[in-house]
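The lines below spell out each chain.
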Amino acid sequence: MKEHAVVIAGAGPTGLMLAGELALAGVDVAIVERRPDQALAGSRAGGLSSRSLEVLDQRGIVERFLAQGQKAQVTGFAVTRLGISDFPTRHNYGLALRQKHIERILAAWIDELAVPIYRGHDLAGFVQDEAGVTIELSGGEALRAAYLVGCDGGRSLVRKTAGIAFPGWEATTSSILAEAEVTEEPPLGVHRTARGIHAFSREQYEIRDGKIVYAQEGPIGVMVTEETANATAEPTLDDLRSALVELCGTDYGIHDLKWISRFTDMSRQAESYRKGRVLLAGDAAHVHSPVGGQGLNTGVQDAVNLGWKLAQVVKGVSPDSLLDTYHRERHPVAARVLRTTMAQVALQRTDDRTEALREVVLELLGMEEPRKRIAAEMSGLGIRYDLPGTHPLVGRRMPDLDLVTPEGPVRVFALLHDARPVLLDLATPGRLDVAPWSGRVRLVHGRYDGPWELPAIGAVGAPAAVLIRPDGHVAWVGEGTSDGLHEAMSTWFGPPGPQAGRA
């Protein structure tokens, strides 16, 4: 039986990101993936949010994604685009890039980090005990791990086998997605009618002046809303034709189906993200309508929150209780995502009363304060974890400042490339005692003379010191004293002592 410190079920974006985080920390991690390779059929997520780009920048790999995607102001809420070009971040935009490319780039990264993937295997079941988890694979093979993380999607076998409840709301709307050939060119773009929403697109496109310009040739991508949300069988070409005729009066001679699938607005969230030595992340922990484009991004950020915590527990640096903070921090974030997606689905309805409500929402989002607040939430830049401290930075993502240090200029995000915590001392060197954590926390002396700004918050007071977690969130702010620093270091990076060495 092969053994690993951590086994991840699923090599989607969440599983790949988590594997990379653990590998950076020196943890023996492996992935179990049913697909024989990283090929992905069908249409999934379509891009990365501003905060996800920041997260990738923190690891030094964002340029790989920027080189293959298209920057655009794609942040939005149901009925309107919300520009974030004035937000204080290097990535004040979204990146249009299909999920299959995101996965391919992440898979290449974890290959560089030598993470093994057991491809062509389904997770058949598992049993956990006090010391670890025994995992059964399809074909009769078995693995042993200290922890198992389910990144295996909305129908997660890990979640079901662990007995974690998945409460929420049933679907109220259902749509068919497909790619096929047509004999009559449909009107490309998104169309809202009294009978529902439908859209036509092509795989290849460019974004020009904020507008999508599709290629002139190639198969047509179709999204069409079904009459009811009650279908249980897989959709067929005949189902698609019928829905098109119902909505558009023609099926455009659709034929030669490449792939077909269905999505709904079912909204559910795992009651707990952890049960013993089993944890959940990504769609295994939360599912919702794809409207707003938050699903993949929420999963990637789950992984970055969990990775360093799990690594510290595996290596004996932190107590097992540190893993409970993963649920406490990320469960409220996803609960908010479910709320915003349900609101957006409601605003897509086509009756007169919803049209009136949509007009009111448009007026509100045209105002600066509501625009900034909702855009910060939708882009992930407004997330704040509930941590002790009164400074506005506490719990929020650390800005990527240009620092001046004794070793030369450096960006804050460059200090996070190896996924280690950083204590940034911006005042008199030598006044902060971090010796008991010197093997775990990097002390950096620096200076920053510009304004401190946060998205949707604006200017905040310049701190004298900042303790930055590996996920880029601020754990402690010093305002002239070191009060609370050692407590924060112990809470997040283990008690002081000889175990401070990095494995």
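I will try to describe carefully the structure that is included in this document. Within any chain, residue numbers begin from 1 and follow the written order of that chain's sequence. pLDDT decides what is reported in this predicted model: residues at 70 or higher carry local features, side-chain atom pairs at 80 or more are listed and counted, and totals for whole chains, interfaces and linings draw on all residues regardless. Side-chain numbers come from the whole structure's heavy atoms, not from hydrogens or water.

1. Focus on the side chain of Thr89
- In this description a helix means any DSSP run of H or I spanning at least four residues, a strand means any run of E spanning at least two, and both kinds are numbered starting from the N terminus. Summarising the element assignment, Thr89 is placed in the loop between strand 6 (80-81) and strand 7 (94-96).
- What qualifies as a polar contact is a pair of N or O atoms within 3.5 Å, subject to a donor-acceptor requirement within protein and to the restriction that residues adjacent in sequence count only when both atoms come from side chains. In terms of polar contacts, Thr89 uses its side chain to reach the side chain of Glu54, at 2.7 Å.
- Among the polar contacts listed, one links the side chain of Thr89 to the backbone nitrogen of His91, at a separation of 3.1 Å.
- If sequence neighbours within four positions are ignored, Thr89 has contacts with Ser50, Glu54, Leu381 and Arg397. Here, residues are in contact when the closest pair of their heavy atoms is within 4.5 Å.

2. Focus: the sheet that holds strand 7
- Only strands that DSSP links by at least two bridges are regarded as paired with each other. One open sheet holds the 3 strands; their spatial order is 3-7-4, and the pairing between them is antiparallel. Two strands bound the open sheet, and with one partner strand each, they are strand 3 (47-48) and strand 4 (70-72).

3. So, unusual backbone geometry
- A positive phi angle, near 60 degrees, is found at Tyr252, a position not held by glycine.
- Turning to its location among the elements, Tyr252 is positioned in the loop between helix 6 (237-248) and strand 19 (255-264).
- Burial status follows relative accessibility: with a 1.4 Å probe on protein chains alone, a residue under 20% of its type maximum counts as buried, one over 50% as exposed, and anything between as partly exposed. Since its relative accessible area comes to 9%, Tyr252 is described here as buried.
- Residue Ala419 is not a glycine yet carries a positive backbone phi of 60 degrees.
- Take Ala419: its relative accessible area is 9%, and that puts it in the buried class.

4. A few points about the pairing of strand 15 (residues 196-201)
- The buried count for strand 15 comes to 5 of 6 residues, which makes it a mostly enclosed element.
- The sheet contact formed by strand 14 (residues 189-193) and strand 15 spans 5 bridges and is antiparallel. Note on strand 15: the bridge partner recorded for Thr193 is Gly196.
- Where strand 15 lies against strand 18 (residues 220-225), 4 bridges are found, and the strand directions are antiparallel. Opposite Ser201, over in strand 18, you have Gly221 as the bridge partner.

5. Digging into empty space enclosed by the protein
- A pocket here means an open set of points on a 1 Å grid, computed over the protein atoms alone, that has protein on both sides within 12 Å along at least five of seven lines. A cavity is instead a set of points where a 1.4 Å probe fits but cannot get out; residues with an atom within 4 Å of a point line either one. Grid points are joined across faces, edges and corners, and a volume is the space filled by probe spheres set on the points. As enumerated under the stated definition, the model contains 2 cavities of 30 Å³ or more in all.
- For the second largest cavity, the calculated volume is near 70 Å³.
- Around the second largest cavity, the lining residues are Arg51, Val55, Gln301, Val304, Asn305, Arg330, Ile383, Tyr385, Asp471 and His473.
- For the lining of the second largest cavity, the secondary structure elements donating two or more residues are helix 2 (50-58) and helix 7 (295-314).

6. Re the side chain of Gln269
- With respect to the secondary-structure elements, Gln269 resides in strand 20 (residues 267-269).
- Within polar-contact distance, the side chain of Gln269 engages the backbone oxygen of His331 at 2.8 Å.
- Leave out the neighbours within four places in its chain, and Gln269 touches Ala165, Phe166, Pro167, Ala285, His286, His331, Ala334, Ala335 and Leu338.

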